[in-house]
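Architecture and fold: a report
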Amino acid sequence: MKKIIILSISLFALLACNSNKKRTKEIAQNNNVTEQNLPLLKKSAERGKIIYNDLCITCHLADGKGVPRIFPPLANSDFLRENQIESIKAAKHGLSGKITVNDIEYNSLMSALGLSNKEVADVINYINNSWGNKIDNFVTPEKVSEL
């Protein structure tokens, strides 16, 4: 009986590790990042969450859904998915003028927040991987500086 329990625990542990490896590979593929760089993405997103909670949450809210017709959603946002460069620029330099997000027009002012390239990369990585978003763009400070 003792051998069966030990064998069962060992089998469960083996399957759990294999499942975790598959999930790690899936996350890496979904974010256009190598498995070796996946810890960098995770750490970037963790830092980005802190920035988001300090600066972005007031308008875009804790769930990323924003305020209809006033502040656009970041959760399940077609604009974010389809306009990564513009989204990165908005996080860096602010945004004004009309944009359409999920078929709703927004015309609010988003002021520049004074973020460094690293902070912009971190907050975009957080947003790209939160609230069901699975946007395959690992943003680095170098990418931000190129814009």
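Going by the structure above, here's the rest.
Below or above, wherever it landed, is the structure these notes cover. (Residues numbered from 1 in each chain as written. Predicted model: local features only at pLDDT ≥ 70, side-chain atom pairs only at ≥ 80, totals over all residues. Heavy atoms only, no water.)

Structural notes on the packing of aromatic side chains
This model, assessed by the stated rule, comprises three aromatic pairs. An angle of 50° between the planes, with centres 5.6 Å apart, marks the rings of Y52 and Y126 as tilted. Of this pair, Y52 sits in helix α2 (residues 38–60) while Y126 sits in helix α5 (residues 117–128), and the two are 74 residues apart along the sequence. Given a relative accessible area of 0%, Y52 falls into the buried group. Classification of Y126 as buried rests on a relative accessible area of 12%. Look at Y126 and W131: their rings are 5.5 Å apart centre to centre, the planes differ by 80°, and that puts the pair in the edge-to-face class. On the basis of relative accessible area, W131 is assigned to the partly exposed category, the value being 25%. Taken together, the ring pairs connect Y52, Y126 and W131 into an aromatic cluster. (Phe/Tyr/Trp six-rings, centres within 6.5 Å; stacked < 30°, edge-to-face > 60°. Helix = DSSP H or I, 4+ residues; strand = E, 2+ residues; numbered from the N terminus. Buried < 20%, exposed > 50% of the residue type's maximum accessible area, 1.4 Å probe, protein only.)

Overview of the side chain of H60
The topology assignment puts H60 in helix α2. Using a relative accessible area of 12% as the deciding quantity, one classes H60 as buried.

Quick look at the nonpolar core
Nonpolar side chains tend toward joint burial in soluble globular proteins. With 18 residues, the main nonpolar core has Y52, V120, V123, I124 and I127 as its most contacted residues. Among the elements of the structure, α2, α4 (84–93) and α5 are those that each provide at least two residues to this core. Examining the composition of this core, we find that six residues originate from one element, α5, more than from any other. When neighbours within four sequence positions are excluded, Y52 is seen to be in contact with I57, H60, L61, G64, L74, V123, Y126, I127 and W131. (Core = buried A, V, L, I, M, F, W, Y, C linked by side-chain atoms within 4.5 Å. Contact = heavy atoms within 4.5 Å.)

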